[in-house]
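# Examination of the molecular architecture
Listed below, chain by chain, are the residues.
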Amino acid sequence: MSRSFPSPRPVEPAWQAVLEGSLGRVVAPRPLAVMVERLSARYRGEAVNLAHADEMSARALFWFPRDLPKVHRAVVELAHAQALPARPLRVLDLGAGLGATFMGFLRALPAGVTVAEVTAVDRDAQALEILARVAKRAAEAGVIPAGVTVHTLARDLAADTWDEGLGTFDVILAGLSLVELAQASADTEASRGAVIAERVRAMLPHLADDGALILLEPGNRHETRALHHARDGLITAGVTVFAPCLTSRSCPMLQGARDWCHEDLPDISLPAWLVPIAKLAGLRWEGLTWSYLVLRRDDRTLARALHTPGVVPLRVVSNILSTKGKAETWLCGARPSEGTLKVMELEREAKRAKHPTFETLARGDLVGVAEETLPTEAGKTVRLTPGGWSRLP
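Conventions adopted
Residues numbered from 1 in each chain as written. Predicted model: local features only at pLDDT ≥ 70, side-chain atom pairs only at ≥ 80, totals over all residues. Heavy atoms only, no water. Axes fitted to C-alpha atoms, helices over the stretch in contact; angles between N-to-C directions. Helix = DSSP H or I, 4+ residues; strand = E, 2+ residues; numbered from the N terminus. Parallel < 35°, antiparallel > 145°, perpendicular 65-115°, else oblique. Left-handed = near helix turned anticlockwise from the far one by under 90°. Contact = heavy atoms within 4.5 Å. Buried < 20%, exposed > 50% of the residue type's maximum accessible area, 1.4 Å probe, protein only. Core = buried A, V, L, I, M, F, W, Y, C linked by side-chain atoms within 4.5 Å. Bend = angle between axes of the 7 residues up to and from the residue. Nonpolar A, V, L, I, M, F, W, Y, C, P; charged D, E, K, R; others polar. Arc of directions from axis to C-beta. Phe/Tyr/Trp six-rings, centres within 6.5 Å; stacked < 30°, edge-to-face > 60°. Lys NZ or Arg CZ within 6 Å of the ring centre and 35° of its normal. Pairing = 2+ DSSP bridges.

Okay, the packing of helix α1 (residues 14-23) against helix α3 (residues 52-67) next. Here α1 crosses α3 at 165 degrees, and the two axes come no closer than 10 Å. Between α1 and α3, the crossing angle belongs to the class labelled roughly antiparallel. At the point where α1 passes α3, the crossing takes the right-handed sense. Between α1 and α3, the contacting residues are Trp15, Leu19, Glu20 and Leu23 on the first element and Met56, Ser57, Ala60, Leu61, Phe64 and Pro65 on the second.

Here it is, written out as structure tokens:
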């Protein structure tokens, strides 16, 4: 399936040896599946006993390759907009864990964009030791760029002094880490969103004026909606949302309690060596889900980079819904009326079309629709014909 931007490439087989060698421990598939199952239960909030060494094994051998591609979309969108600083980048990874987010960032960078150094911050010193070994072995194996200096710093992000002595960075990453801080101190989506927004505001002084801050969170409804609440609060505070949003209006997904905007790539699966582990642990191995938010201190946005006179950029925020005689989906972005836009395409027109049709679209794709075809009132379904819209960029 073609997409607006290239999909994350499959996790290379070489990563298996990199991770197993860095862990310094051989774990057979069935015991590993038990560790993964128990850690998954803990992530769901259950009180599950799990030795720290077993947790590290589950995180390194299962969740690391699962999370590695999740930063890809944010990176390629920044690169398309030429919104990464034109210098060797200094990267700060907060709540770095074993380093999947920053190594995924390195892996996704286009040719010509380089990273000088990475500072990985986490409260778990043992996790950071594994991170350093993974980064070294991954560079030697050629699955991330060589020549990047990696610093580790054992600090608790919940402490007031977490950023003591830190300078400024061109890119700040927070991959699947703020959710833990928010869950520990708040019990509703809105209150967790407020915690995330507060943490982000503390990070921004460490971001270069032309830099980007990338947040990744789970793709489930409650945590993603907390991120939506954080987004709205940050916009009110004057922070620029670069992506995925194409508008600075209040998030329309918060208008209904069951809606949330997340990424879902059904054709991106776990690497082959992890499929048996996922099956034994009762977890999914097909598809990649997550949510993300890219923030800036300046006013650069993806919407502005996609701008063409007379064409409104919109993002697909649902799966394609096929019913008798038609296909429907929901789009979100700047438009004359509030909220999302429901669009439909007739099957009979799609069958004889020479242009791309809805069946080629996936959640997260970007499309351009002529401004004159958009409704002036909310709640109307717009019929689009093949050729009446285009894929962006």
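Once you've had a look at it, read on.
Among the secondary structure elements, His72 is positioned in helix α4 (residues 72-80). Classification of His72 by relative accessible area gives buried; the value is 13%. In contact with His72, not counting residues within four places along its chain, are Pro6, Ser7, Pro8 and Ala108.

Our next topic: the nonpolar core. By size, the foremost hydrophobic cluster in this structure holds 78 residues, and its most contacted members are Trp15, Met103, Phe105 and Ile214. The contacts of Ile214, once residues within four sequence positions are left out, are Val71, Ala74, Leu78, Phe105, Val171, Ile172, Leu173, Ala174, Leu293 and Val294. Membership of the second largest hydrophobic core comes to 30 residues, among which are Val121, Leu181, Ala182 and Leu293.

Moving on, we come to α3. Quick reminder: α-helices carry 3.6 residues per turn. Residues three or four places apart thus point the same way. At Ala60, α3 is deflected by roughly 35 degrees, the largest bend along its length. Buried residues dominate α3, accounting for 14 of its 16 residues.

Further remarks concern the packing of α3 against helix α6 (residues 125-141). For the pair α3 and α6, interaxial distance at closest approach is 11 Å and the crossing angle is 35 degrees. The way α3 lies across α6 gives a crossing that is right-handed. Note on element contacts: α6 touches α3 through Gln126, Ala127, Ile130 and Val134, opposite His52, Met56, Arg59 and Phe64. Here the residues of the contact of α3 with α6 sort into five nonpolar, two polar and one charged.

Residue Pro244 follows Ala243 across a cis peptide bond; omega there is 5 degrees. With respect to the helices and strands, Pro244 occurs in the loop between β6 (240-243) and β7 (263-265). Omega for the peptide link from Leu392 to Pro393 comes to -5 degrees, which places this bond in the cis form. Here Pro393 is to be found in the segment after β15 (389-392). Of note in this structure, Gln82 is not a glycine but carries a positive phi near 55 degrees. The phi dihedral of Leu176 falls on the positive side, at around 55 degrees, and the residue is not glycine. Following the sequence through the fold, Leu176 ends up in the loop between β4 (169-175) and α7 (178-185).

So, on to α1. Listed as buried for α1 are Trp15, Val18, Leu19, Ser22 and Leu23. With its buried residues spanning 120 degrees around the axis, α1 presents them on a single face. For α1, the secondary structure elements touched by its buried residues are α3, α5 (100-108) and α6.

What follows covers the packing of aromatic side chains. Tallied over the full model, the rule gives four aromatic pairs. Between the aromatic rings of Phe62 and Trp63, the centroid separation amounts to 5.0 Å while the plane-to-plane angle is 75 degrees, which identifies the pairing as edge-to-face. Owing to a relative accessible area of 11%, Trp63 belongs among the buried residues under this scheme. The structure contains a cluster of three or more aromatic residues connected by ring pairs, namely Tyr43, Phe62 and Trp63. One residue, Arg90, lies across the ring of Phe169, its end atom 4.4 Å from the ring centre. Against the face of Trp285 rests Lys279, its NZ or CZ located 5.0 Å from the ring centre.

Now for the environment of Val195. Mapped onto the elements, Val195 comes out in helix α8 (residues 189-203). Overall, Val195 belongs to the buried group, its relative accessible area being 12%. Through-space distance from the C-alpha of Val195 to that of Thr373 is 40 Å; in sequence the pair is 178 residues apart. Apart from the residues within four sequence positions on either side, Val195 is in contact with Leu181, Ala182, Ser185 and Ala186.

Turning next to the side chain of Asp54. Topologically, Asp54 is positioned in helix α3. Ignoring any residue separated from it by four or fewer positions in sequence, one finds Asp54 in contact with Arg25 and Met35.

For a regular strand, side chains alternate in direction, first toward one face of the sheet and then toward the other. Of all seven residues making up strand β11 (residues 326-332), five are buried, and the element is well covered by its neighbours. In this sheet, β11 lies alongside strand β9 (residues 311-316) in antiparallel orientation, the contact comprising two bridges. Along β11, the bridge assignment pairs Arg315 with Cys332. Between strand β10 (residues 321-323) and β11, which pair antiparallel and follow one another directly, the connecting turn spans two residues, one of which, Gly325, has a positive phi of 85 degrees. Looking at chain direction, β11 and strand β12 (residues 341-346) are connected through six bridges and run antiparallel.

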